[in-house]
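Residue-level structure breakdown
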Amino acid sequence: MVKPATNSSGEPTVDTSPKNWDEVKTTTCYMCACRCGIKVYLKDGTVTYIEGNRDHPVNKGVLCGKGSAGIMQHYSPARLQKPLLRVGERGSGEFKEIEWDEALGLATEWLDGPRKTDPRKLAFFTGRDQSQGLTGWWAQRYGTPNYAAHGGFCSVNMAAAGLYSIGGSFWEFGEPDWDLTEYFLMFGVAEDHASNPIKMGLSKLKNRGAKFVSINPVQTGYSAIADEWIGIRPGTDGLFVASLIRELLIAGKIDLEFLVRYTNAPWLVVQNPGGADDGLFARDGEGRVLAWDKTAMAAVDAHLPEIAPALSGAFELDDGRKVVPAFQLLAERFMDDQYTPDAVADHAGISADTIRRIAAEIAEAAFEREVVLDVPWTDWAGRRHEKMVGRPVSFHAMRGISAHSNGFHSCRMLHLLQMLIGSIDTPGGFRYHPPFPKPLPPPLKPGGKPGEVVAGEPLPGPPLGFPTGPEDLLVDAEGTPQRIDKAYSWEAPIAAHGMMHMVISNAARRDPYGIDVLFMYMANMSWNSSMNVPGTIAALTQKDEDTGDYVIPKIIYSDAYYSEMIPYADLILPDTTYLERWDCISLLDRPISDADGAADSIRQPVTKPDRDVRPFQDVLLDLGARLGLPGFVGDDGAPAYPGGYSDYIVNHERAPGVGPLAGFRGKDGDQYGKGEPNPNQLEAYIENGCHYFHELEPSQRYFRHANADYLNWAQSVGFVGSSNQIVLHVYSEAMQKFRLAARGHGDIRPPEQHRARVEAFFDPLPFWYAPFEEAMVADQDFPMHAITQRPMAMYHSWGSQNAWLRQIHGSNSLYMNRARAKELGVEEGDWVWLTSHHGRVKAPVALMDGVNPDTVWTWNAIGKRSGAWNLAEDAPESQKGFLLNHVISELLPEQGGYRYANADPVTGQAAWYDLRIRIEKAKPEEFGIPSPNFEATAKPPGLRPAPDKVRFGAKEGTT
Amino acid sequence: MTSLPTPQERSGKKLGLVIDLDICVGCQACAVSCKEWNTSGYSAPLTDLAAYGDQPIGAWLNRIHTYEAGPDGESQTVHFPRSCLHCEEPACVTVCPTGASYKRAEDGIVLVNPETCIGCKLCSWACPYGAREYDYDHGVMKKCTLCVDRIYNENLEEVDRVPACVRACPTSARHFGDLGDPESDVSKMVADRGGYDLLPEMGYKPVNKYLPPRPRRDKETAAPAPVQASETADGKAGIDKLFAWADRMLSR
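Per-chain numbering applies: the sequence of each chain, read as written, is numbered from 1 onward. Whichever chain is written first is A, and whichever ligand is written first is 1; the rest continue in order. Confidence filtering applies because this is a predicted model: local features only for residues at pLDDT of at least 70, side-chain atom pairs given and counted only at 80 or more, and all residues used for totals across whole chains, interfaces and linings.

Glancing now at the overall build of chain A. Think of it this way: any DSSP run of H or I at least four residues long counts as a helix, any run of E at least two long counts as a strand, and we number them from the N terminus. A tally of helices and strands in chain A yields 26 helices and 35 strands. If one aligns the C-alpha atoms of chain A with their principal axes, the spans along those axes are about 95 × 75 × 65 Å. The buried share of chain A, reckoned over its 959 residues, is 64%. At a minimum sequence separation of 6, the contacts of chain A that also span at least 24 residues come to 69%. With C-beta atoms placed from the backbone, a residue is labelled by how many other C-beta atoms lie within 10 Å of its own: buried for 20 or more, exposed for 12 or fewer, partly exposed between the two. Residues are treated as contacting if the C-beta atoms built from their backbones sit within 7 Å of each other.

As structure tokens, this is what we get:
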């Protein structure tokens, strides 16, 4: 071995300019849903380093731990190698490798059957799919309404509450004004889709000295750096927010001008108890909504500028209808004594003084520290304003509010609070990400009503949409659900993202009907993506007693890795890693815009697969062509996108001139938003770092619900159908329409069984109610809450097979409040039984102070099934790690002879965090291994052996 | 044993990190980015044993610890990134029997020469900060190099010539610079924010500094009392007062 030379000081010389790469390619990360821009360093085709792209609008150069661990995901030994066909019983893991021709032939045959008879018999559900523009379109062209991605068990409550209240939402569809906000409240966020932007934003806030309040039962991650941590009791966020609203109303600390100009607070609501129009807006003969103009002392078109609408008072219209402004109803609702700080304090676990103080702090920041920007803008009525004036209080919320059965209304209350203090898209407040705001709700109705599902025909509309009344539901004359997950039925009328968590359970019970084929992508349904894992496994393997066939006869699954779901599928279509594929992050799907502009991006293959796998999107296009789905084949029957997904990305048009990517459109690539396909579009994106950011003019960056410059532009690029003002909804008439149906009005009414429930929960004004499980089980039997969080280093990722990330989170403990544990005689390192109404798990305990005393929690999805992910059978993920999923039932306890889904009654959002439990210390002899413990799954053929030792980056000479 | 550069030999430059505990959220970005760069960098490889097995253990040059600190009932969660502090008087160097561990005269970076390291682990015993990790497979000691193969690397854009952890950190909690220059950004930051040494009583004079969490403003408020005390405004009277207040000419 050659000794290194030494320098003049006698120190060894060090090569300070090594170059361990021969090229650098840009693409988009897929280690979570954040979708940061990355630069991938390659040497001889091998990935050597991944870093954040400084020019990218999402992450501006930074990269989280997951993103940097992408190398280990890309080279994971859990990668599937070739298509697989099941040869043993389902669950046995016995497969044989087959060629792609055979795999695609089988899939086509299996899929063609239901299409030609009853397309509903195909349930096509995708998990962490970032190509919903394509997958949704495929389902529609196939003709099945049974399509959704994972939003229904993620955070549809946030999406729906936002879209029905402010035309946008939290999630990654909006952001606090990180540069100008003075007071920021974050509800229930451990980690979020906007993973890096939130971190960058919090850093800005802290360095500016803005106050950051975290409302979360657990003090980890972001909560750890908050100025104030409020360890709220799970499921009571809405109660807290209602009390804040009440305090602000009493104090007169609300922005009346904002309410009058930008919301429906002044719209007149008909007061006709028992009548078919009770609670609807009063309209004139032309269908125009009315407001009471205090100048004219008459009801006038509520949309007119310059009127002086009343916010309170009782009025009578010329035709005798009695009406009151929506604001009056709102004020009466929240001034009710049930929402006084003293009334809610004990239940929410927050002192009344704290609630009053937070309300006062919000009021002070909003009204004493107004933000004024010297930026002229023009409003919807053409009036020029010299300045932009805003209220620097902002909010962000996610799963902690969303994953409760009261999440829709709780989230709506948060939006109501924002509207009351005038901080929707005003400087310092919440800011939309284009293409939002959209009309309330977006004008898309779900396809799949009786008569719309026709053998061999596409659905007339997309499977997912936004109902505004009973006429939009997917039910038959008897009120029977039309979708396998019962989305858009009376049980979950506004299930805007579907109800993926109910598909397998319902299909196995053939409720509302049996299916022929279950087709899934990137969804680990036999493990951490399902409630009630043992029940889900039973459903996947259940056989018909008469025929001996599986009740779910065929299961096709696509995934890049050997996940727990693989053994339960019949046909495996192996996907590539994210570095081996084309993708588009489209404005038609889930955009990556920020508040200052619209953005979209692509993935390009930076390296080629070294195994017999294909990108799922290529496979889906191929299957569409083989099935002859309209749009997937041309008039001549030949594939419409023979070049695969990259061909589709460039050439597909959803409407004339509108395609998956907005940048570089038109023959010469010089058009934005609309323009004919550009054959060189992908090259232009690559040249531009694989993204395109359209920056808005300063005059277009706030008040976008009412900003003429913005709305005209948004219309020109197809984000909105008209440039009319988007009036925000404090009062939701759509809710009231469902409620009226429950009261017996209209032709489409809920069956008696569901009537009271619809009436109760379709309230046009948000309200708080106890989460269902809490209301249905006895407090003394299940006195505590159990929740999960995603760790930042594994949020939304598939991390357990990642050699680096599993060293950070290789097993999980059940975290308990130290003082409460002492009362229960539980010590650090003990094992406990955690029992719910549905089942029990045994887990090791760790103690901490920073958790609500009535709550236990753990990291989600760290526990793995032995043998899965090509981990050793004795890996800590299975020997110490555990899931809470096992004790969460997908169905609520029986009531009145029926079991509803464990979900929000409005949106069908899975109520993961409603779980109630009790804790009992395990006997010492029970310590050491979690329960339930599943037998190890067999590894499929062809999987590469997992190396014992990883020496990534080793140079010659290292031994 | 190994000598340190004499004061005369030292350039005066003290390259190091300033880590802001006020905004570190414990996301592990720095730790993984470090591992990713350095596994094929100066210290290559950072071996992982039992990588997919029962007790995975790998060499990392930067680890994040999360713990609760503070009085009972008022404790706060703290995320604490830990790596080599590039001490001015590093015992890990003086204890080295072969000269493999050394402190560079030109910039103060403490390095291990893998060619002469015999893996005796004396340095890891000498370091009170637990900053050195033994690579059981490679048989040598690994430690933070301050990305000596990045910070001068002419193949990287100038803006990227910072340690990988600093480049990746999403909250900008990590800063790199010359702590020997009182006018540098990092020195000023330390002065402004009361940056401190870890275990100063040990006398090793760490170059890296930590910025303490800023005082939390949890219960203080400059907010005015509500215009109407809620005690007097409950029920019907409260609503009437609200409507009276809201009953004004407001133009749309």
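Here we take up the overall build of chain B. When helices and strands are counted, chain B shows six helices and eleven strands. For chain B, whose C-alpha radius of gyration is 25 Å, the value lies well above the compact-globule estimate of 18 Å for 252 residues. Dimensions along the principal axes, computed over C-alpha positions, put chain B at roughly 85 × 50 × 40 Å. Here chain B, with 252 residues, has 47% of them falling under the buried criterion. Pairs at least 24 residues apart make up 60% of the contacts formed inside chain B by residues separated by at least 6 positions. Only the C-alpha atoms count toward the radius of gyration. The rule for a globule is 2.2 Å times the residue count to the power 0.38.

All names here are of chain A. As summarised here, the arrangement of the three strands in space is β1-β2-β3, forming an open sheet in which the pairing is antiparallel. The sheet terminates laterally at β1 (23-28) and β3 (46-52), the two strands that pair on one side only. Averaged over all pairs of adjacent strands, the angle between their axes in this sheet comes to 30°, without regard to strand direction. One ladder, built from six bridges, connects strand β2 (residues 37-43) with β3; its direction is antiparallel. Paired with Lys 43 across the bridge in β3 is Thr 46. Criterion used throughout: strands pair if DSSP finds at least two bridges between them. Orientation is described by axes fitted as lines to C-alpha atoms, over the contacting stretch for helices, and by angles from 0 to 180 degrees between their N-to-C directions.

In this section: unusual backbone geometry. The phi angle of most residues is negative, glycine excepted, and most peptide bonds adopt the trans form. Residues and elements named next belong to chain A. For the peptide bond that leads from Phe 436 to Pro 437, omega is 10°, which places it in the cis range. Within the secondary structure, Pro 437 sits in the loop between β22 (430-432) and α15 (503-509). Cis rather than trans, the peptide bond between Asp 511 and Pro 512 has omega equal to 15°. Positive phi, close to 65°, is recorded for Trp 171, a residue that is not glycine. Given 24 C-beta atoms within 10 Å, Trp 171 falls into the buried group.

Turning to the interface of chain B and chain A, a few remarks are in order. Listed per partner, the contact involves 83 residues of chain B and 98 residues of chain A. Secondary structure elements with two or more residues in the side of chain B that touches chain A: α1 (29-38), β2 (48-49), β5 (76-83), α4 (164-168) and α6 (235-246) of chain B. Amino acids outside the nonpolar list (Ala, Val, Leu, Ile, Met, Phe, Trp, Tyr, Cys, Pro) and the charged list (Asp, Glu, Lys, Arg) are all regarded as polar, and Gly is one of them. Broken down by class, the residue content of the side of chain B that touches chain A amounts to 38 nonpolar, 26 polar and 19 charged. Here strand β35 (residues 949-950) of chain A pairs with β2 of chain B via two bridges, running antiparallel. Bridge pairing in β2 of chain B places Val 950 of chain A opposite Asp 48 of chain B.

Residues and elements named next belong to chain A. Spatially, the three strands line up as an open sheet ordered β12-β16-β15, and their pairing is antiparallel. Here the strands that pair on one side only, and so sit at the sheet edges, are β12 (268-270) and β15 (315-316). Note: β15 against strand β16 (residues 322-325), two bridges, orientation antiparallel. Considered in β16, the bridge of Glu 316 is made with Lys 322. Each of β12 and β16 touches helix α10 (residues 326-334); the most contacted strand, β16, lies at about 70° to it.

Before going further, it helps to examine helix α14 (residues 407-420) of chain A. Think of an α-helix as turning once every 3.6 residues; residues three or four places apart then point the same way. Given a rise of 1.5 Å per residue, 14 residues ought to cover 20 Å, and the 20 Å separating the end C-alpha atoms of α14 of chain A matches this to within 8%. Here α14 of chain A lies mainly inside the structure; 14 of its 14 residues are buried. One fewer than the residue count of a helix, multiplied by 1.5 Å, yields its expected span.

So, about the nonpolar core. Residue and element names in this part refer to chain A. Ranked by internal contacts, the top residues of the largest apolar core, which has 380 residues, are Ile 245, Leu 248, Leu 268 and Ile 362. The greatest single-element share of this core, amounting to ten residues, is contributed by helix α8 (residues 237-251). Segmentation of the chain into domains, including their bounds, is taken from an automatic or database domain assignment. Residue-level mapping places this core at the junction of two domains, with at least three residues from each of domain 1 (98-147 + 444-579) and domain 2 (772-926). Setting aside its immediate chain neighbours within four residues, Leu 248 contacts Lys 253, Ile 254, Ala 359, Ile 362, Ala 363, Leu 420 and Ile 421. For this analysis, nonpolar core means a set of buried Ala, Val, Leu, Ile, Met, Phe, Trp, Tyr and Cys residues linked through C-beta atoms within 7 Å.

Within the fold, Arg 128 of chain A resides in the loop between β6 (122-126) and α4 (132-142). Each C-alpha atom of the pair Arg 128 of chain A and Pro 764 of chain A lies 32 Å from the other, and the pair is 636 residues apart in sequence.

To continue, consider the domain arrangement of chain A. Residue and element names in this part refer to chain A. Domain annotation for chain A reports domain 1 (98-147 + 444-579) and domain 2 (772-926). Distance from the C-alpha centre of domain 1 to the C-alpha centre of domain 2: 28 Å. Among the residues forming the side of domain 1 that touches domain 2, the class breakdown is 14 nonpolar, six polar and four charged.

Before going further, it helps to examine the packing of α8 of chain A against helix α12 (residues 352-368) of chain A. Packed helices, taken two at a time, are described by the angle their axes make and the gap between the axes. Residue and element names in this part refer to chain A. As a packed pair, α8 and α12 sit with axes 9 Å apart at the nearest point and diverge in direction by 60°. Overall, the two elements α8 and α12 adopt an arrangement that is oblique. Crossing angle aside, the handedness with which α8 passes α12 is right-handed. Of the residues in α12, those in contact with Phe 240, Ser 243, Leu 244, Glu 247, Leu 248 and Ala 251 of α8 are Ile 355, Arg 356, Ile 358, Ala 359, Ile 362 and Ala 363. Among the residues forming the contact of α8 with α12, the class breakdown is nine nonpolar, one polar and two charged. Note that the term roughly parallel is reserved for angles under 35 degrees, roughly antiparallel for angles over 145, roughly perpendicular for angles of 65 to 115, and oblique for everything else. Handedness of a crossing is defined here by the sense of rotation of the near helix relative to the far one, left-handed for an anticlockwise turn of less than a right angle and right-handed for a clockwise turn.

Let's shift gears to the pairing of strand β30 (residues 814-817) of chain A. Residues and elements named next belong to chain A. Alternating residues of β30 divide into Leu 814 and Met 816 and Tyr 815 and Asn 817, and every residue in both groups is buried. The pairing of β30 with strand β32 (residues 840-848) spans four bridges and is classified as parallel. When the sheet's bridge partners are listed, Asn 817 is paired in β32 with Met 848.

Before going further, it helps to spend a moment on the pairing of strand β10 (residues 174-178) of chain B. Residue and element names in this part refer to chain B. Taken across its five residues, β10 has five buried, putting it largely inside the fold. Relative to β10, strand β1 (residues 15-20) runs antiparallel, the two being bridged by five bridges. Residue Leu 17 lies in a different strand from β10, and its bridge partner there is Phe 176.

Attention now goes to the confidence of the model for chain B. Chain-level statistics for chain B give a pLDDT mean of 92 and a share of 93% at 70 or above. Counting interchain partners and residues more than four positions distant, the pLDDT-below-50 stretch residues 226-232 of chain B has 14 contacts. pLDDT is a residue-level measure of predictor confidence that goes from 0 to 100.

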